[in-house]
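# Structural overview for review
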Amino acid sequence: MDIHRVVGALYCTQRIEGLYHCELRVLKDAKGKLAVATDPVGAREGEWVFTVSGSAGRLAMGDNKILTDLAIGGIIDHWEA
Amino acid sequence: MDIHRVVGALYCTQRIEGLYHCELRVLKDAKGKLAVATDPVGAREGEWVFTVSGSAGRLAMGDNKILTDLAIGGIIDHWEA
Amino acid sequence: MDIHRVVGALYCTQRIEGLYHCELRVLKDAKGKLAVATDPVGAREGEWVFTVSGSAGRLAMGDNKILTDLAIGGIIDHWEA
Amino acid sequence: MDIHRVVGALYCTQRIEGLYHCELRVLKDAKGKLAVATDPVGAREGEWVFTVSGSAGRLAMGDNKILTDLAIGGIIDHWEA
Amino acid sequence: MDIHRVVGALYCTQRIEGLYHCELRVLKDAKGKLAVATDPVGAREGEWVFTVSGSAGRLAMGDNKILTDLAIGGIIDHWEA
């Protein structure tokens, strides 16, 4: 799983049906690389999250018919080194 | 899911049967790296899209017999930071 | 499988149900890139581990309903070149 | 899917049975990184191809018992920007 | 599939049961990045091999209960450009 920051929302009129009504979040990693994820936990802009990829990401949506390959897995409260 | 720009169409006389009659798009990411995707949404050259990879990409084609590993998931209208 | 060092623990009040009560570890690879993993072997901070990704990582948890995409596979004792 | 150039053939006396009698091709991407693929379309040295990865690559061989993770998906005739 | 060189053996007293009694090899790619793989072909230190990732790697072990995500697929004899 990877660590990302939520940087915005993505709007697409034409998109595949397999994403149903899921909102899409734009994420950025530590190197500045952007990614797009579905969000089953309700993260807000500016929050740090961890993400789940692949088939686990699809199952994380609570419905494996949702055709994502990246889902937010949780909002990071803090991290202890 | 990743963000790409559609840069062209790819023509291949000899290709695997498992792609049926799907058109192939050439995409470029923010770093200039090229990728090839199938397109269930009808994106045009120059448009920014997000892409779905792996088995979700195959399911995105509406028929999981289509042997792609990357499908365009939607055409980006705008993005709100 | 990849080689990582355990650098801490990750705390998230809001997270997907599919991770059940699994603790999350923050890992760092040789290049300093961070990752998040579930831990079926009980690794401690500072230890070097190898990690298993994808569906094998999920199965490594002993229960394939656990929605991880990266699990610690073992604690490295030593390595012989 | 990715774009590669065929640079040679790979010979291995000892290899897993799950590759049956498939020939292996050595490929190079735009950055010079090498990869190894099975080839269901008959590409020749010097040709540009696109490749299919993961389980789709296995299915591309026409027999999902063939244990590849990368298959040549087609020979590129031309590409229109 | 990728090209790696075998650089050593990895010893782990505490590791997941799903790897059974498989020995683990430490591999290095052309850029010096390390990886860990199971080995169904019996490669020795210093040999160049190609590796199979994902679910194909698991199947390459001859038993898909073995929880690896990378298996050595063959020992490279030579390669013809």
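Owing to the predicted nature of the structure, the values given are computational and were not obtained by experimental measurement. (Residues numbered from 1 in each chain as written. Chains lettered and ligands numbered in written order. Predicted model: local features only at pLDDT ≥ 70, side-chain atom pairs only at ≥ 80, totals over all residues. Heavy atoms only, no water.)

## Regarding the interface of chain A and chain C
So the rule is basically this: In what follows, residue pairs with any heavy atoms lying within 4.5 Å of each other are defined as contacts. In this description, buried area is defined as the sum, over both parts, of the accessible area (probe of 1.4 Å) that is lost when the two are combined. Here a salt bridge means any side-chain nitrogen of Lys or Arg lying within 4 Å of a carboxyl oxygen belonging to Asp or Glu.
Of the residues lining the interface, 23 residues belong to chain A; the matching set on chain C comes to 25 residues. Here chain A packs against chain C, burying approximately 2,000 Å² in sum over the two surfaces, 59% of which is carbon and sulfur. Contact with chain C buries area across many residues of chain A, yet Met1, Phe50 and Trp79 of chain A alone supply 32% of it, more than any other trio. Joining chain A to chain C, the criterion identifies 1 salt bridge.

## Things to note about the environment of cysteine 22 of chain D
Residues and elements named next belong to chain D. For clarity, the threshold we go by: Strands here are runs of E lasting at least two residues and helices are runs of H or I lasting at least four, both read from the DSSP assignment and numbered beginning at the N terminus. When a residue's accessible area, from a 1.4 Å probe over protein chains only, is under 20% of the maximum for its type it is buried; when over 50% it is exposed; and in between it is partly exposed.
Among the secondary structure elements, cysteine 22 is positioned in the loop between β1 (2-11) and β2 (24-28). Look at cysteine 22 and you get buried, because its relative accessible area is 13%. The spatial distance from the C-alpha of cysteine 22 to the C-alpha of aspartate 39 is 7.6 Å, given a sequence separation of 17 residues. Once residues within four sequence positions are removed from consideration, cysteine 22 is found in contact with Arg15, Thr38, Met61 and Ile66.

## Considerations on the relation of the copies chain A and chain C
Rules: Here the copies were fitted onto each other by least squares, based on C-alpha atoms from residues at pLDDT of at least 70 in both.
When chain A is fitted to chain C, the residual RMSD is 0.0 Å, and the transformation amounts to a turn of 72° plus an axial shift of 0.0 Å. Viewed as a symmetry operation, the transformation between the two copies matches a five-fold axis. The rotation axis passes nearest to the C-alpha of glycine 54 of chain A in chain A, at a distance of 6.0 Å.

## Some words on the interface of chain D and chain E
Formally: Distance and chemistry together define a polar contact, namely a pair of N or O atoms within 3.5 Å, with one atom able to donate a hydrogen and the other to accept it when in protein, and with adjacent residues in sequence counting only for side-chain atoms on both sides. All amino acids are sorted into three groups, where Ala, Val, Leu, Ile, Met, Phe, Trp, Tyr, Cys and Pro are nonpolar, Asp, Glu, Lys and Arg are charged, and the leftover types, Gly among them, are polar. Pairing between two strands is assigned when DSSP locates at least 2 bridges connecting them.
With 25 residues of chain D at the contact, the number on the chain E side is 23 residues. Interface area lost by chain D to chain E is led by Tyr11, Ile16 and Asp69 of chain D, which between them contribute 29%. For the pair chain D and chain E, the interface holds 1 salt bridge. Close ionic contact of lysine 33 of chain D with aspartate 2 of chain E constitutes a salt bridge, the shortest N to O distance being 3.3 Å. Run the count over chain D and chain E and you get 12 residue pairs in polar contact (both at pLDDT 80 or more). Elements represented by at least two residues in the side of chain D that touches chain E include exactly β1, β2 and β3 (34-38) of chain D. Considered class by class, the residues forming the side of chain D that touches chain E number 15 nonpolar, 5 polar and 5 charged. Sheet topology places β1 of chain D next to strand β6 (residues 78-80) of chain E; 3 bridges connect them, and they run antiparallel. By the bridge assignment, alanine 9 of chain D is partnered in β6 of chain E with glutamate 80 of chain E.

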